[in-house]
Amino acid sequence: MPSDTVDPALLRHHGDVDARPGMLDFAVNVQGSEPPQWLRERLAARLTDLARYPSAADDLAARTAVAARHGRRPDEVLLLAGAAEGFALLPKLAPRLAAVVHPSFTEPELALRQADVPVARVLLETPYTLDPRAVPDEADLVVLGNPTNPTSVLHPAETLRALRRPGRLVVVDEAFADAVPGEPESLAATATPDIVVLRSLTKTWALAGLRCGYFLGAPDLLARLDHGRPHWPLGILQLEAIAATAAPHAVAESDRHATALAAARKVMVERLTDLGVHVHTPAHAPFLLVHVAEGESLRRHLADAGIAVRRADTFPGLGPDFLRVAVREGAAVDRLCAAIRTAPGRLQRANLDGS
């Protein structure tokens, strides 16, 4: 999408649209085909409670678990029906000018624009290093991802803190932070009045269908975001999932998964690079941004082979030769590489090189 284009249909485009049923899915970043068994069992144990409304005790138990996980207080946690709800709440902060750092997840910009909030795009060029001075001084709200979707860039925490200004709020989307071993650059434990962190449980725990997430921030800011939401914004199963995945054993499991993911990502980078595909590195998230000649043609070729990858031209600053691929392992990567190798343009170049 050209850097100055504001097309709501493109801003609302997400990887699930690229993955039709039955396709090998490299378009969606959810890890695994289902939640782990212990989590499924814990959720199943609450099915008999579905006849009653979620209680204040349920909400407090989930907030207390999240607070303990991040070294915060329960009143510094606002539970959400997925990170998408968090983005939809951002206009309640009533910024005069919102700066959105791109390329990045487009839902925050869309939510702000739909609420008639002026938005300034801060477009980063490869290697997508953020200079806080590039953000307009007059911006009183800054939104960015860390690690960033789709570039897989992990910004240093000190760089994010350098965005702070008097009268400015900084919102950091950490939907993929638990995919980084040890979460070294996370601001989740940073209790300052001008930083809000957004977390999602969708990716690591394969809970896209349950919609679970939360904000971490100052109580007065969270009260502004919470104002006007419907009563019982989350159901019992959502609250249970949030509490369960914040438990110490779950955090340890998540970190082990992040370590395994890093190893799989390294292998996948090497294999794609060997095919002549340019992969943006260093990469820290459960996905890779790749740049190839005739990217749209390759995406269609892969789709015809039953493989879904995420088009990346819907991210401001990127064009049709960019694609995003989720990190996978084993036979899935074998199949992706085989399909890339047989793409028409690559076969022609291979023949020319061998002639």
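Residue indices begin from 1 for each chain and proceed along its sequence in written order. In keeping with the predicted nature of the model, local features appear solely for residues at pLDDT of at least 70, side-chain atom pairs appear and are counted solely at 80 or more, and the whole-chain, interface and lining totals rest on all residues. For the side-chain quantities, the full set of heavy atoms in the structure was used; hydrogens and water were omitted.

In terms of burial, strand β3 (residues 98–102) is a largely internal element, 5 of the 5 residues being buried. When accessible area is computed with a 1.4 Å probe and restricted to protein chains, residues below 20% of their type maximum are described as buried, those above 50% as exposed, and intermediate ones as partly exposed. Helix and strand assignments come from DSSP, with helices taken as H or I runs of at least 4 residues and strands as E runs of at least 2, each series counted from the N terminus. In β3, alternate side chains face the same way, and those of A98, V100 and H102 on one face and A99 and V101 on the other are all buried. Note that β3 and strand β4 (residues 119–123) share 5 bridges and pair parallel. Bridge assignment links H102 to a residue of β4, and that residue is L123. Looking down the strands as they point away from you, a crossover is right-handed if its path from the first strand over the helix to the second goes clockwise. Regarding topology, helix α6 (residues 107–114) serves as the crossover connection from β3 to the parallel β4, and that connection is right-handed. Note: two strands are recorded as paired if DSSP finds a minimum of 2 bridges between them. Bridge count between β3 and strand β5 (residues 141–145): 3 bridges; the pairing is parallel. When the bridges of β5 are listed, A98 appears paired with L141.

The next subject is the domain arrangement of the chain. One can read the domain layout of the chain as domain 1 (8–33 + 251–342) and domain 2 (37–247). Per the annotation, domain bounds derive from an automatic or database assignment of domains. One C-alpha centre belongs to domain 1, the other to domain 2; they are set 24 Å apart. In what follows, residue pairs with any heavy atoms lying within 4.5 Å of each other are defined as contacts. Counting from both sides, the interface comprises 33 residues of domain 1 and, opposite them, 39 residues of domain 2. Buried area is calculated as the accessible area (1.4 Å probe) missing from two parts once they are joined, with the contributions of both summed. Contact between domain 1 and domain 2 buries roughly 2900 Å² in total, counting both sides, with carbon and sulfur atoms accounting for 63%. Basic side-chain nitrogens of Lys or Arg form a salt bridge, by our definition, when they fall within 4 Å of a carboxyl oxygen of Asp or Glu. Counting the contacts that link domain 1 with domain 2 gives 0 salt bridges.

What follows is about the environment of A45. Relative to the helices and strands, A45 is located in the loop between α3 (37–44) and α4 (56–70). Accessibility expressed as a relative area gives 55% for A45, which makes it exposed. A45 sits 263 residues away from A308 along the chain, and the two C-alpha atoms are 35 Å apart.

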